[in-house]
4 protein chains.
Amino acid sequence: MPSSSLYDRPDARLPDVARSDLAARYLAVRSLSEQLAAPLSAEDQCLQGMPDASPTKWHLAHTTWFFETVVLLAHVAAYRPYDHRYAYLFNSYYESLGARQPRPQRGMITRPGIDEVLAYRQHVDGALLACIADGGDEFEEKAAALIELGLNHEQQHQELILTDIKYGLALNPFDPVYRPRRPTPVGDAVAPGWVDFTGGETSVGQPVDGRFCYDNETPRHRLLLRPYQLADRLTTCGEYLAFMADGAYRRPEFWLSDGWAAVQANDWQAPLYWRPEGNGEWSVFTLHGRRAVDPAEPLCHISFYEAAAYAAWADARLPTEFEWEAAVAGQPVRGNFLDPAILHPQASGPGPGLRQAYGDAWVWTRSSYDPYPGFRPLPGTVGEYNGKFMVGQLVLRGGSCASPPGHLRASYRNFFPPAARWQFSGLRLARDL
Amino acid sequence: MPSSSLYDRPDARLPDVARSDLAARYLAVRSLSEQLAAPLSAEDQCLQGMPDASPTKWHLAHTTWFFETVVLLAHVAAYRPYDHRYAYLFNSYYESLGARQPRPQRGMITRPGIDEVLAYRQHVDGALLACIADGGDEFEEKAAALIELGLNHEQQHQELILTDIKYGLALNPFDPVYRPRRPTPVGDAVAPGWVDFTGGETSVGQPVDGRFCYDNETPRHRLLLRPYQLADRLTTCGEYLAFMADGAYRRPEFWLSDGWAAVQANDWQAPLYWRPEGNGEWSVFTLHGRRAVDPAEPLCHISFYEAAAYAAWADARLPTEFEWEAAVAGQPVRGNFLDPAILHPQASGPGPGLRQAYGDAWVWTRSSYDPYPGFRPLPGTVGEYNGKFMVGQLVLRGGSCASPPGHLRASYRNFFPPAARWQFSGLRLARDL
Amino acid sequence: MPSSSLYDRPDARLPDVARSDLAARYLAVRSLSEQLAAPLSAEDQCLQGMPDASPTKWHLAHTTWFFETVVLLAHVAAYRPYDHRYAYLFNSYYESLGARQPRPQRGMITRPGIDEVLAYRQHVDGALLACIADGGDEFEEKAAALIELGLNHEQQHQELILTDIKYGLALNPFDPVYRPRRPTPVGDAVAPGWVDFTGGETSVGQPVDGRFCYDNETPRHRLLLRPYQLADRLTTCGEYLAFMADGAYRRPEFWLSDGWAAVQANDWQAPLYWRPEGNGEWSVFTLHGRRAVDPAEPLCHISFYEAAAYAAWADARLPTEFEWEAAVAGQPVRGNFLDPAILHPQASGPGPGLRQAYGDAWVWTRSSYDPYPGFRPLPGTVGEYNGKFMVGQLVLRGGSCASPPGHLRASYRNFFPPAARWQFSGLRLARDL
Amino acid sequence: MPSSSLYDRPDARLPDVARSDLAARYLAVRSLSEQLAAPLSAEDQCLQGMPDASPTKWHLAHTTWFFETVVLLAHVAAYRPYDHRYAYLFNSYYESLGARQPRPQRGMITRPGIDEVLAYRQHVDGALLACIADGGDEFEEKAAALIELGLNHEQQHQELILTDIKYGLALNPFDPVYRPRRPTPVGDAVAPGWVDFTGGETSVGQPVDGRFCYDNETPRHRLLLRPYQLADRLTTCGEYLAFMADGAYRRPEFWLSDGWAAVQANDWQAPLYWRPEGNGEWSVFTLHGRRAVDPAEPLCHISFYEAAAYAAWADARLPTEFEWEAAVAGQPVRGNFLDPAILHPQASGPGPGLRQAYGDAWVWTRSSYDPYPGFRPLPGTVGEYNGKFMVGQLVLRGGSCASPPGHLRASYRNFFPPAARWQFSGLRLARDL
């Protein structure tokens, strides 16, 4: 991480015996999770704002349980579980690993307390780093892929720590501050443009090249794309305000049927976290507290339904996940991720080509989260990681201001149900050429 | 319709003045709806078994309102609505046509009674046939496409009349009979086989050739398929019983996550309409009443989740909608449709190639119901017909024993949410080659 | 019934052999039920507007099943059930008589149809009248009390036939007419007055004197009343409109806590069946269709919560059931019951003393439906008739415009949950002296 | 409090300036609340186990807000609110005091944290004690009654702190311990007996004698009681186990209709906190953790429905609240209250007369919570304290092992909905003589 990061350099914690690359990377990722929790009180860390969001403490424990279960218990004969009851509490959704705490009741687990969970983390970290230090090549050979999976898994939960606590804190009528805003240059609104793509026969998905990817990105395969255009930056709050002024949430003609039903059932009037302040002004709750909506900023915290309705109103459409992947292939994976700790999308400055390809806000695509041709889940427990969710969800691409650095790539597929709004989810328009 | 049909020849009702092809076809389709309602009492026709199912009477009136609204009121200046209040009662989901009776309360509409609804049908039929007879080419030119849409629309509701009343009658503890079973030869179970397909670059969707199709089948486009196999017939009840005996509804490892949640939330133990009779025997409720499950028959009334779980258990998968379409392209559209009035899937006899390509039971595909590349909905009200449902649903292909003859084609896309079970929905296995 | 009745004289149907008093009374009561159903189509009679309301057809069958079960099957050795499956369909809530059709699904029972249910009635009537004719004193001795219970039971269902179909028809956007309004003199609004009662030691409940009463009216017992006043007539719609104009449904200070929660959860703005027509005018749906609210009429179709809130606003309170009973004791049981077939509360004319003591609208009392000291339910199945409902309900007194003539008495206790509004339920104010 | 108490002597905290009786009592009550919270972590104190239960922290803040609002803001001109936003967060149900945090979301309030809430308590305590010290007789005259109400209010919340945290901790699969069990003599089961009462004209309710009582205990009034018997001790777990062994939860004949519905809807198999351990053994979760059910102990954590069903099975009934009050009138208010910190009902030893009249477990009475004749709520905000809950609830009498010492009296009326089980609620049988 660059020195501009708010986050500590974790390798200070790294014992000499464990200064392998894997150990260093392990410690860096694990440390970041704890740094994300640091601004939160014990009470905050136990907060579950809704069934889909988990307490910070649960994330800290679950990611630890993942390493303990998938690496230590599976591959280290001498290892004994820290507390055999944790398998019940901190299993997320692995049916093959037995019964577990009902998801909507994760916030009810006040014991073990946060101190105990941090001790659990230390215990597992110590055991795993000792294995890396002592186990040599033999251990790394069998465990490195699982450790790498565990680290990517923990990075996903780092993003969720932020989106989940944001949801929880937003329920507090006093608009608490997770972390004060860093002074950042405020970008101006830049007029949107279009970038053309010729389409044709294209390869998507991650090739087998030794680098980590999830099973849902494979197998790499060829497909046909028609010529298309993508907007050269993300849609902004100002553009969405124009949609709202034109009757967005009152005009069914722009909406998918399920989307219109969601608007009415939930009485949606604006993106999540927006609040009318009178005189037609809107405020927005951020991880820095509440402030006025900035029209130049990328829109986020919208559902797929809102993204699709906006696109219909704008006489455009959402890109497919493949159009997006083909467009960004070859670009460096760089953007407003978690690292600079801005924790909110930022206005794009001017520039050529496709800007904001990564970071700021995930873009909803027009692609259902279906398996790729020839897709096979991983064998064993980790086969439950992705495949069993491949129905009823939509693909998002590109990462956000809450995605840990080093976590994304062009073939990366995120996915959420179409009504989900608590992720940093925005949109980029597309059109047929 | 062939003379073996149970249904009357509707052209006996056709006045001389209206003996055009269009008029004859109109009358044939309209007549069939009423024949489907004929075995039902006034009470039966008002029955709404669940929010997703509509009363027979509502189907009879809604299809009539569709013609009245889309053809007569839109294109016949002198036409006056039969009852202006019917627009509220019998609009299904057209937001552009105003407020309407809440869907879950369609069964509360005891007035107008069934006699009045039949009078409404006669009124609209008379007006429309007079337009065809008197309006000449000019009328046909502007209205023929809408009438054709209305006829296909009514055919879809014919299938729903049967699936909806089946659901409603099944709630009656006395297992009422819609129509006694016709004596039909009972097929034997035939061992399954596989048919290979080479894949490659393939065209799907309906070409622009003047024949009717829905907007969701367009535009025809090219795509790449990998080599694959399809089972040579539909999966049978006997095969599914083997899955059940192996713990189907108790073993999460076969299920998509949402599917397993549906199993538990709804306490599913078997396909819809099956009931345990002790000693491991199962009965099934049919439109002929309740009888023993026939192992040789195609399985139906399963959700997408059950189809996918069965495929996982069978070490296979579901076909994509494009694999299915490519496989049947060129086959005649023939099968156990509504016409022979068997009203239940029938065992396939032996034979070469892909059997039961059409009819018997819709097959769930592994394809989400997404728009085709370049898809544009029809302009105006009828644009709400398909496009706005393109999220959260899965594609089914091939038609069923309740599909009206002449309604299907290779490019035809049916769609339902993954938990739906009250359609005649079954499955055909696929595998990678 | 007097000749002014709309209802036929049932003794025309009475065979010579059955001209006992009991037979004549049986036939009169049974006939009235069918006359109440006569204006309704088969579809109407199958309508269940909400889980608490039952279809007309179900009432017709259930009351018949009651006689069949409690009298014929229990006391006539040779009697065979008309259809043994009816016990499942038409048992209401008798746990001791086995499983039954779930209450919310009574409207799903389209078969047996209404013709079959009428045949069932005829069958049971024939059998029971034959027993009365042939069984002589011996039969009457053992069965007369149960027949009397069955007749009172059927009378209760006569009132429910009307309140339930009213609820169902009101769901129809076209405001159907159950029966056209009879020309009746419209009363003027008369200013309210108060009648004083001294209280003191008082007896309530029905004495053991051979006349029929329900078990919940017993044992007669003594209690102490403080001096009190009752309003000399029922509260009118005009008075309630003044409450509404003063913010009734927007001011929590008048409401019980559960009542205010009900106002908000159900978005109550007015009594049930009232609809704003603009300009501050209100219409009301009646069994004669929809018409303007008449300020002089007694208010009805309000919940206990609304009754109590109105009383609080009027600086008064609701009477206890014992204050009401003590006040009407000795008055003749006369009023606007079902018999004149007005089917709606009528304005009280001027007059001395307590007017509208019976009929027009039930009055909500401030008494929870608790057992009387020394209360013992009847033995056997009929013990489930009243006792098991003695929690969570409030007592209503006095009968309504839908109560059959001859059914009421001073000690009669009706009871409904506090949120119920679909009965003809109104109020009469009380105050401490 | 006696020296055997676990709780500290609060007057150590009492400044010299405030050594009035009122100040001492204020400090004693306030201190006890904090001592009850002391064994709980910050996370525990934020836990809301269900909508009806509130977090410990909320109780600590709400009782403070009550003093601040009802005493300081109402009667001390110079007082400024500690934080004006707390009125929203910590108002419970006072409509006259404005909008408030939705009850089911009290557990979402992680900020202010527990330290801040304790500072809030200190601030209000300081201000109030200063008023008592400085304000002299004039202040006491106007405020003493409200302070006394506030202290009784806080005592009620002390009981709720325990019952609510018990509910929350019980959701934790690890059966956490609130406080280790004190060694207490375990009583033996003593055979039950009956005590006779002659009834007759009796006075109930609290007389106007200067001692504190709630408005719902007034006015004292006379009523007539028939002769009756009460069991000489509370019903025990062993007796209830016999009921369970005889089919309690499977036999509808013992249950009120709503009770049987609750059994089925909630799948009740035993009292709350009981768990089957195999071999027919049951364990129970207590504030000391989980242990075996002790047959000699008083039964608690049952609903009114279970109490009434048990009584029906035992061929007895529940007492009315007046039978109970008449029976204990004149007895000293002594029993197993909160003070000895046993925190669970204890077996009664042998002895004459009515044992366990107070403490151990509240007894459900057969009396609905109706207003007394002539009842008038207090004027102003505190009028919302009791009166508005007088519908749909049942009266409980006698206090429990979680009731603070000094809080109870013979006329004290507690009330809960009939399905509530999380209070220490048990039963005592009654019979007609």
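Look up a bit, the structure's there.
This report concerns the structure included in the present document. This is a predicted model, so every value here is computed, not measured.

## Concerning the side chain of Asn152 of chain B
All names here are of chain B.
Then, in step 1: If you trace the backbone, Asn152 turns up in helix H5 (residues 114-170).
Then, in step 2: Accessibility expressed as a relative area gives 3% for Asn152, which makes it buried.
Then, in step 3: Asn152 has contacts with Arg25, Phe212, Tyr214 and His407, leaving out every residue within four places of it along the chain.

## Considering the relation of the copies chain A and chain D
Then, in step 1: Each copy of the sequence occupies a distinct position, and chain A is placed on chain D by a rotation of 180° and an axial shift of 0.1 Å, giving an RMSD of 0.0 Å. These values place the two chain copies in the arrangement generated by a two-fold rotation axis. Within chain A, the C-alpha atom positioned nearest to the axis of rotation is that of Glu43 of chain A, 2.4 Å from it.
Then, in step 2: By residue overlap, the copies meet face to face through one surface: 100% of the interface positions of chain A are interface positions in chain D.

## Description of unusual backbone geometry
Then, in step 1: Looking along the chain, the bond that leaves Arg111 of chain A and enters Pro112 of chain A is cis, with omega of 5°.
Then, in step 2: Within the fold, Pro112 of chain A resides in the loop between helix H4 (86-90) and helix H5 (114-170).
Then, in step 3: One non-glycine residue, Tyr273 of chain A, lies in the positive phi region at around 80°.
Then, in step 4: With respect to the helices and strands, the residue Tyr273 of chain A is situated in the loop between helix H7 (257-266) and strand E5 (274-276).
Then, in step 5: Positive phi outside glycine occurs at Asp267 of chain C, with the angle close to 55°.
Then, in step 6: Structurally, the position occupied by Asp267 of chain C is in the loop between helix H7 (257-266) and strand E5 (274-276).

## What to know about helix H1 (residues 21-37) of chain A
Residue and element names in this part refer to chain A.
Then, in step 1: Here H1 is 17 residues long and its end C-alpha atoms lie 25 Å apart, about the 24 Å a rise of 1.5 Å per residue gives.
Then, in step 2: Burial analysis of H1 places 12 of its 17 residues in the buried class, which makes it a mostly covered element.
Then, in step 3: Within H1 the residues assigned to the buried category are Leu22, Ala23, Tyr26, Leu27, Val29, Arg30, Ser31, Leu32, Ser33, Gln35, Leu36 and Ala37.
Then, in step 4: Packing partners of the buried residues in H1 comprise helix H2 (42-45), helix H3 (56-75) and H5.

## Examining the packing of aromatic side chains
Then, in step 1: What the rule picks out here adds up to 133 aromatic pairs over all chains.
Then, in step 2: The interplanar angle of 80° and the centroid separation of 6.4 Å between the aromatic rings of Phe66 of chain C and Tyr385 of chain C together place this pair among those described as edge-to-face. Separated by 319 residues along the polypeptide, Phe66 of chain C in helix H3 (residues 56-75) and Tyr385 of chain C in the loop between strand E10 (362-368) and strand E11 (394-397) bring together distant segments of the chain. Tyr385 of chain C carries the same exposure label as Phe66 of chain C, and that label is buried.
Then, in step 3: If you follow Arg431 of chain B out to its NZ or CZ, it ends over the ring of Trp194 of chain B, 3.9 Å from the centre.
Then, in step 4: It is Arg106 of chain C that lies over the ring of Trp58 of chain C; its NZ or CZ is 3.6 Å from the centre.

## A short note on the sheet that holds strand E7 (residues 289-292) of chain A
Residue and element names in this part refer to chain A.
Then, in step 1: Spatially, the three strands line up as an open sheet ordered E5-E6-E7, and their pairing is antiparallel. The strands lining the two open edges of the sheet, one partner per strand, are E5 and E7. Strand after strand, the sheet turns through a mean of 30° between neighbouring axes, direction not considered.
Then, in step 2: Taken together, the four bridges between strand E6 (residues 282-286) and E7 define a ladder with antiparallel strand orientation. Directly across from Phe285, in E7, lies its bridge partner Arg290.

Rules used in this analysis
Residues numbered from 1 in each chain as written. Chains lettered and ligands numbered in written order. Predicted model: local features only at pLDDT ≥ 70, side-chain atom pairs only at ≥ 80, totals over all residues. Heavy atoms only, no water. Helix = DSSP H or I, 4+ residues; strand = E, 2+ residues; numbered from the N terminus. Buried < 20%, exposed > 50% of the residue type's maximum accessible area, 1.4 Å probe, protein only. Contact = heavy atoms within 4.5 Å. Least-squares fit on C-alpha atoms with pLDDT ≥ 70 in both. Expected span 1.5 Å × (residues − 1). Phe/Tyr/Trp six-rings, centres within 6.5 Å; stacked < 30°, edge-to-face > 60°. Lys NZ or Arg CZ within 6 Å of the ring centre and 35° of its normal. Pairing = 2+ DSSP bridges. Axes fitted to C-alpha atoms, helices over the stretch in contact; angles between N-to-C directions.

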